[in-house]
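# Remarks on the overall topology
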Amino acid sequence: MATRKLLLLPGDGIGPEAMAEVEKIIAHMNVAEGAGFVLERGLVGGSAFDAHGVAISEGDMAKAMAADAVLFGAVGGEKWAGVPYEVRPEAGLLRLRKDMELFANLRPAICYPALANSSSLRPEVVEGLDILIVRELTGGVYFGEPKTITDLGNGQKRAVDTQVYDTYEIERISAVAFELARTRRNEVCSMEKHNVMKSGVLWKEVVAATHRARFADVKLSHMLADAGGMQLVRWPKQFDVIVTDNLFGDMLSDVAAMLTGSLGMLPSASLGAPDAKTGKRKALYEPVHGSAPDIAGQGIANPIAMIASFAMCLRYSFGMVAEADRLEKAIAAVLDDGIRTADIMSDGMTKVSTGAMGDAVLAKYKALSA
Ligand code: IPM
Ligand code: MG
């Protein structure tokens, strides 16, 4: 029996509630399918700060480095608004991304047919939407140095963040985007701001060169990131794969998420480079939504993004494509049945709790396995 080492980092807010629904699915797969998942657990974000005074402990970092994949819930909340910047909850997530070298963040935005009416856009604009945002995740302004606030001594302060990209970083993220495009509709749109940013000039140049040298069969277009945001809400179905930097990717993926009806629906995968010897990539899977402290602990959060993140984990870390397909079908089938958590509730549908949504998905998964 295969052994598959998973580290669960549920984090803060609704993270643990959402993770509990994935654990039900994992338990079923171990018992009924001999999936061989071995679970470790750790703390990240505010919960790690409360226990250890840091956003992630060295012990949990070591577990993450040793795991086949990490499942991450969400971090942050008002409770930790006053903690020092270096140990704020988000620092735990950023450290995981940086130390595991998870440079490729895959954020699919799929509009389930049953939810076309939950979008703030007209149904015909979003119905059947299936786009993939490939966000660079270990570079750019998130990590660039200097990153400082200096007192100028005249009653003024100066804040500096640094946007920085090297050729290899742009090359490897665009290669991921082109490769994934080949498995889809074979189109990539690269977004940057070459009209105001040097990093945008280099970004565009390197994406074009990578395309010419290795991926000329893929259709490539370039768009300024602001126009890209506008086009995403105007007619999102024009896109297949979007590749963009860390900060633009953060913003554009939230926009794309909302097209699908709810932030609670969107999964993501963060992948490293394949290991030279084993070919395995380090990987972390997380919902795009945050910790939503306002609804935490009430059992009303939508666990679908967390469950769909686990489906991505099955697909990308373990090659369990049939199981991943089945889990994604189970989610769609539950939605088709009119089962809804509060965030995606609409007239005539059945409103359920976090736990009941997880149970419904698992029941569908079992039925599809039979
Ligand atoms: C995301 C989040 C994070 C980011 C935060 C929590 C640091 O918004 O994953 O999109 O900005 O990358
Ligand atoms: Mg974000």
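Just so you know, these numbers come straight off a predicted model, no measurement behind them.

### Brief notes about the packing of helix α1 (residues 15–33) against helix α12 (residues 354–369)
Contact geometry for α1 and α12: axes closest at 9 Å, N-to-C directions at 25°. What the angle tells us is that α1 and α12 run roughly parallel. The element α1 and its partner α12 pack so that their crossing is right-handed. Residues Glu 17, Glu 21, Lys 24, Ile 25, His 28, Met 29 and Glu 33 of α1 form the contact with α12, whose own contacting residues are Thr 354, Gly 355, Gly 358, Asp 359, Leu 362, Tyr 365, Lys 366 and Ser 369. Partitioning the contact of α1 with α12 into residue classes produces four nonpolar, five polar and six charged.

### Concerning the domain arrangement of the protein chain
When the domains of the protein chain are assigned, the result is domain 1 (1–108 + 263–370) and domain 2 (130–259). One C-alpha centre belongs to domain 1, the other to domain 2, and the line joining them spans 25 Å. When domain 1 packs against domain 2, close to 1,700 Å² is buried across both sides, 65% of that on carbon and sulfur atoms. Our enumeration of links across domain 1 and domain 2 arrives at zero salt bridges. Elements supplying a minimum of two residues to the side of domain 1 that touches domain 2: α4 (89–99) and β4 (104–110). At five residues, the largest contribution of residues to the side of domain 1 that touches domain 2 is made by β4. A class-by-class count of the residues in the side of domain 1 that touches domain 2 yields eleven nonpolar, two polar and four charged.

### Some remarks on the sheet that holds strand β9 (residues 219–224)
Strand order in the open sheet made by the ten strands is β2-β1-β3-β12-β11-β4-β5-β10-β8-β9, with mixed pairing throughout. This sheet does not close on itself; its edge strands, each paired only once, are β2 (37–41) and β9. For this sheet, the mean inter-axis angle between neighbouring strands, taken without regard to orientation, is 25°. Pairing of strand β1 (residues 4–11) with strand β3 (residues 69–74), which is carried by five bridges, proceeds in the parallel orientation. Along β3, the bridge assignment pairs Gly 11 with Ala 74. Strands β1, β2 and β3 of the sheet are contacted by α1, whose axis makes an angle of about 160° with β1.

### Considering the side chain of Ser 174
Secondary-structure assignment places Ser 174 in helix α6 (residues 167–182). Polar side-chain contacts of Ser 174 include one of 2.8 Å to the backbone oxygen of Ile 170. Sequence-distant contacts of Ser 174, defined by excluding residues within four places in its chain, comprise Val 207, Thr 210 and Val 243.

### Side note on the pairing of β2
Direction of pairing for β1 relative to β2: parallel, over a ladder of five bridges. What sits directly across from Leu 7, in β2, is Glu 40. Chirality of the crossover, the property in question, places the unit of β1, α1 and β2 among those that are right-handed.

### Brief notes about the packing of aromatic side chains
Counting across every chain of the model gives four aromatic pairs. Taking the centre distance of 5.6 Å and the plane angle of 75° together, the rings of Phe 37 and Phe 318 count as edge-to-face. In this pair, Phe 37 sits in strand β2 while Phe 318 sits in helix α10 (residues 304–318), placing the two residues 281 residues apart along the sequence. Relative accessible area serves as the criterion here: at 5%, Phe 37 is assigned to the buried category. Here Arg 172 stacks its cationic end above the ring of Phe 103, 4.2 Å away from the centre of that ring.

### Quick look at the pattern of salt bridges
This structure, assessed with the given rule, holds 21 salt bridges. Here Arg 95 makes a salt bridge to Glu 58, at a shortest N to O gap of 3.0 Å. Taken as a pair, Arg 95 in helix α4 and Glu 58 in helix α3 (residues 58–66) lie far apart in primary sequence, 37 residues in all. Residue classification places Arg 95 among the partly exposed residues on the basis of a relative accessible area of 26%. Among the ionic pairs, Asp 161 bridges to Lys 147, the shortest N-O distance being 2.8 Å. Here the residue Asp 161 occupies a position in strand β7 (residues 157–162), and Lys 147 occupies one in strand β6 (residues 144–151), the gap between them amounting to 14 residues. Exposure remark for Asp 161: the relative accessible area of 49% places this residue in the partly exposed category.

### Section: unusual backbone geometry
Cis rather than trans, the peptide bond between Glu 145 and Pro 146 has omega equal to 0°. Following the sequence through the fold, Pro 146 ends up in strand β6. Notably, Glu 101 is not glycine yet its phi reads approximately 55°, a positive angle. Mapped onto the fold, Glu 101 is located in the loop between α4 and β4. Even without glycine at this site, Asn 186 takes up a positive phi of about 65°. The topology assignment puts Asn 186 in the loop between α6 and β8 (187–192). According to the relative accessible area criterion, Asn 186 is partly exposed, its value standing at 23%.

Basis of the calculations
Each chain has its residues counted from 1, running along the sequence as written. By the order in which they are written, chains take letters starting at A while ligands take numbers starting at 1. Predicted model: local features are reported for residues with pLDDT of at least 70 only, side-chain atom pairs are reported and counted for 80 or more only, and whole-chain, interface and lining totals are derived from all residues. The side-chain numbers reported here are obtained from all heavy atoms of the structure, hydrogens and water having been left aside. Axes here mean lines fitted to C-alpha atoms, for a helix over just the part in contact, with angles spanning 0 to 180 degrees between N-to-C directions. Helix numbering and strand numbering both begin at the N terminus, where a helix is a DSSP run of H or I of at least 4 residues and a strand a DSSP run of E of at least 2. When describing relative orientation, an angle under 35 degrees is termed roughly parallel and one over 145 degrees roughly antiparallel, while 65 to 115 degrees is termed roughly perpendicular and anything else oblique. Handedness of each helix crossing follows the sense of rotation of the near helix against the far helix: counterclockwise by less than a right angle gives left-handed, clockwise gives right-handed. For this analysis, residues touch if any pair of their heavy atoms sits within 4.5 Å. Three categories are distinguished: nonpolar for Ala, Val, Leu, Ile, Met, Phe, Trp, Tyr, Cys and Pro, charged for Asp, Glu, Lys and Arg, and polar for the others, with Gly belonging to the last. Here the limits of each domain have been adopted from an automatic or database domain assignment. Buried area, as used here, totals the accessible surface that two parts lose on assembly, with accessibility defined by a 1.4 Å probe and the loss added over both. Salt bridges are identified by distance alone: a Lys or Arg side-chain nitrogen within 4 Å of an Asp or Glu carboxyl oxygen. One requirement defines pairing of two strands: DSSP has to find at least two bridges between them. The definition of a polar contact used here is a pair of N or O atoms within 3.5 Å, where within protein one atom must be able to donate a hydrogen and the other to accept one, and adjacent residues in sequence count solely through side-chain atom pairs. A clockwise course of the path from the first strand over the helix to the second, judged with the strands pointing away from the viewer, identifies a crossover as right-handed. Each Phe, Tyr or Trp ring, with Trp reduced to its six-membered ring, pairs with another whose centre is within 6.5 Å; inter-plane angles below 30 degrees give stacked pairs, above 60 give edge-to-face pairs, and intermediate values give tilted ones. Per-residue accessibility, obtained with a 1.4 Å probe over protein chains only, is compared with the maximum for each type, and a residue is labelled buried under 20%, exposed over 50%, and partly exposed between these values. Any Lys NZ or Arg CZ that is within 6 Å of a ring centre and within 35 degrees of that ring's normal is treated as a charge sitting over the ring.

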